[in-house]
Amino acid sequence: VSSPLESNDHPELDTSDFLDEKYIRIYQSMIGSAQWLISLGRFDISVHVMTLSSFRAQPRQGHLDRIKRIYGYVCKMKHAAIRYRTEMPDVTDFTFVELDWNDTPFKDVREEYPTNLPVARGKPVLMTTYVDANLGHDVLSGKSVTGILHFFNKTPIDWFSKKQGTVETATFGSENNAARAATEQITANKQTLMHMGVPIQDNPILVGDNDAVVKSDTQPKGKLHKRHLMLSYNFVREAIAARKLRFSHINGEINMSDVLSKHWAYQAVWDVLRPVLFWRGDTMKIDMKKKSTKSTK
């Protein structure tokens, strides 16, 4: 077993027999233990456990087989570890657009800071966040999945994988909702660091692999043709105009949040997953330039 679930697997389409009461309790216990494992750092199984958690009330035999497969994957890949890397990442290859927002409704927006913050001391932290969405992840409900991975300097510090609350008919909508969720989490993480007295290096960075979303959110003259996305769309644009964060496009092949939004294949994610969770030895020797240099690795 080289991946938690098969690539593009859809457990919601399973038609095997329902489990009896005994095995329902076993299934629920296995799901609960896997969720604790994710909290301890194994974010590589987040989207798979999240998907299977939807069937806790009435699981089928196929769902039980899938959670067993996840445990088999964890047993095989048991050497995963998050290594704290405090050096500043190289982000010179990211492209950040600085434009004039004076002719927009966001011309006077400014980031507000609490007045009771402690004096910042210690090593500065650069916040970098990867975001992605998987359109139509659940083929029965049509709901997409948001995947978000936060880095402080070069260390993954927080992760998020969850079905979106609404059904989107296009990738632009699901990616915009994901960008809004990432922006909210970036704001919360930044506030936490500031109240802890941690110096923050520059504005936080948000990167995604949907070029249309990045361009529409960073262009002052951008237009939105789908009114139901208006709040998410303007929430992100206001954050960019207020210099709360910087938004840049990244090649989808090295977008690490893909691990949190899709049922991935080993070959597709190993190059980005290995340096973060499975690197053994000196982390200074990590080389992520085989596919692209646009990474905090």
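Shown above is the structure to which this text applies.
Colleague: What am I meant to see in unusual backbone geometry here?
Modeller: Excluding glycine, a negative phi dihedral is what most residues carry, and trans is how most peptide bonds are arranged. At Asn 8, a position not held by glycine, the phi torsion is positive, near 60 degrees. Following the sequence through the fold, Asn 8 ends up in the segment before helix H1 (21–39).

Colleague: So what exactly am I meant to see when it comes to helix H6 (residues 230–241) here?
Modeller: Helical periodicity: at 3.6 residues per turn, an α-helix aligns residues three or four positions apart in one direction. Here H6 is 12 residues long and its end C-alpha atoms lie 16 Å apart, about the 16 Å a rise of 1.5 Å per residue gives. Of all the residues in H6, the buried ones are Ser 232, Tyr 233, Val 236, Arg 237, Ala 239, Ile 240 and Ala 241. Buried positions along H6 lie against helix H4 (171–195), helix H5 (211–218) and strand S5 (246–249). Arg 243 sits one or two residues past H6 and shows a positive phi near 65 degrees.

Colleague: Sorry if this is basic, but what is going on with the pattern of salt bridges here?
Modeller: Side chains bearing opposite charge may pair, as long as their charged atoms lie close to each other. Here the structure, examined in full by the defined rule, presents 13 salt bridges. A salt bridge links Asp 44 to Arg 42; the shortest N-O distance between them is 2.9 Å. Its relative accessible area of 0% is what places Asp 44 among the buried residues. A relative accessible area of 8% places Arg 42 in the buried class. The partner of Glu 98 in a salt bridge is Arg 243, and the shortest N-O contact between them spans 3.4 Å.

Colleague: Teacher, can you tell me more about a nonpolar patch on the surface here?
Modeller: Residues Leu 13, Val 139 and Leu 140 make up a contiguous nonpolar surface patch of about 290 Å² in total accessible area. Within the secondary structure, Leu 13 sits in the segment before H1. Judged by relative accessible area, which is 47%, Leu 13 ranks as partly exposed.

Colleague: Hey, could you run me through the sheet that holds strand S2 (residues 143–152) in this one?
Modeller: To summarise the sheet geometry, strands pair through backbone hydrogen bonds and adopt either a parallel or an antiparallel arrangement. The strand order across the open sheet formed by 5 strands is S3-S2-S1-S4-S5, and the pairing between neighbours is mixed. Each of the sheet's edge strands pairs with one partner strand only, and the pair in question is strand S3 (155–167) and S5. Neighbouring strand axes in the sheet, compared pairwise and without regard to direction, differ in orientation by 20 degrees on average. Of the strand pairs in this sheet, strand S1 (residues 127–134) and strand S4 (residues 205–208) are connected by 4 bridges, and their pairing is parallel. Paired with Thr 129 across the bridge in S4 is Leu 206. Strands S1, S2, S3, S4 and S5 of the sheet are contacted by H4, whose axis makes an angle of about 155 degrees with S1.

Colleague: Is there a simple way to explain the packing of aromatic side chains in this structure?
Modeller: Aromatic ring pairs: the centre-centre distance and the angle between the two ring planes describe each pair. Evaluated as defined, the whole model comprises 7 aromatic pairs. Summarising the aromatic geometry, the rings of Tyr 266 and Trp 270 are spaced 5.2 Å apart at their centres and angled 25 degrees between planes, so their arrangement reads as stacked. Of this pair, Tyr 266 and Trp 270 both sit in helix H7 (residues 266–278), 4 residues apart, roughly one helical turn. Aromatic rings pair up to connect Tyr 266, Trp 270 and Phe 278 into one cluster. Between the NZ or CZ atom of Arg 60 and the centre of the ring of Phe 18, over which it lies, the distance is 3.9 Å. Over the aromatic face of Phe 96 sits the side chain of Arg 246, whose NZ or CZ is 4.6 Å from the ring centroid.

Colleague: I'm lost on the nonpolar core in this one. Help?
Modeller: Among soluble globular proteins, nonpolar side chains are generally buried collectively. Counting 40 residues, the largest nonpolar core has Tyr 27, Phe 43, Ile 67, Tyr 73, Leu 149 and Leu 273 as the members making the most contacts within it. Put simply, the parts of the chain that give this core at least two residues each are H1, helix H2 (46–53), helix H3 (61–76), S2, S4 and H7. With sequence-adjacent residues up to four places away left out, Ile 67 is seen in contact with Tyr 27, Met 30, Ile 31, Ala 34 and Leu 52. In this structure, Phe 106, Phe 172, Ala 178 and Ala 242 belong to the second largest nonpolar core, which totals 28 residues.

Colleague: Whenever I open this one, the environment of Gln 267 confuses me. Can you help?
Modeller: Tracing the backbone shows Gln 267 in helix H7. Judged by relative accessible area, which is 64%, Gln 267 ranks as exposed.

Colleague: Would you explain the packing of H4 against H5 in this entry?
Modeller: Pairs of packed helices are described in terms of their axes, by the angle between the two and the distance that separates them. Contact pair H4 / H5: the axes reach a minimum separation of 9 Å and the direction vectors enclose 60 degrees. Considering their axes alone, H4 and H5 lie oblique with respect to each other. At the point where H4 passes H5, the crossing takes the right-handed sense. Taken together, the residues of H5 that come into contact with H4 (itself represented by Phe 172, Glu 175, Asn 176 and Ala 179) are Ala 212, Val 213, Ser 216 and Asp 217. Along the lines of polarity and charge, the residues of the contact of H4 with H5 split into 4 nonpolar, 2 polar and 2 charged.

Conventions we followed
Residues numbered from 1 in each chain as written. Predicted model: local features only at pLDDT ≥ 70, side-chain atom pairs only at ≥ 80, totals over all residues. Heavy atoms only, no water. Helix = DSSP H or I, 4+ residues; strand = E, 2+ residues; numbered from the N terminus. Expected span 1.5 Å × (residues − 1). Buried < 20%, exposed > 50% of the residue type's maximum accessible area, 1.4 Å probe, protein only. Contact = heavy atoms within 4.5 Å. Salt bridge = Lys/Arg side-chain N within 4 Å of Asp/Glu carboxyl O. Patch = residues over 30% accessible without salt bridge, like charges linked within 9 Å, V, L, I, M, F, W, Y side chains within 5 Å. Areas by Shrake-Rupley, 256 points an atom, 1.4 Å probe, with all protein chains shown as cover. Pairing = 2+ DSSP bridges. Axes fitted to C-alpha atoms, helices over the stretch in contact; angles between N-to-C directions. Phe/Tyr/Trp six-rings, centres within 6.5 Å; stacked < 30°, edge-to-face > 60°. Lys NZ or Arg CZ within 6 Å of the ring centre and 35° of its normal. Core = buried A, V, L, I, M, F, W, Y, C linked by side-chain atoms within 4.5 Å. Parallel < 35°, antiparallel > 145°, perpendicular 65-115°, else oblique. Left-handed = near helix turned anticlockwise from the far one by under 90°. Nonpolar A, V, L, I, M, F, W, Y, C, P; charged D, E, K, R; others polar.

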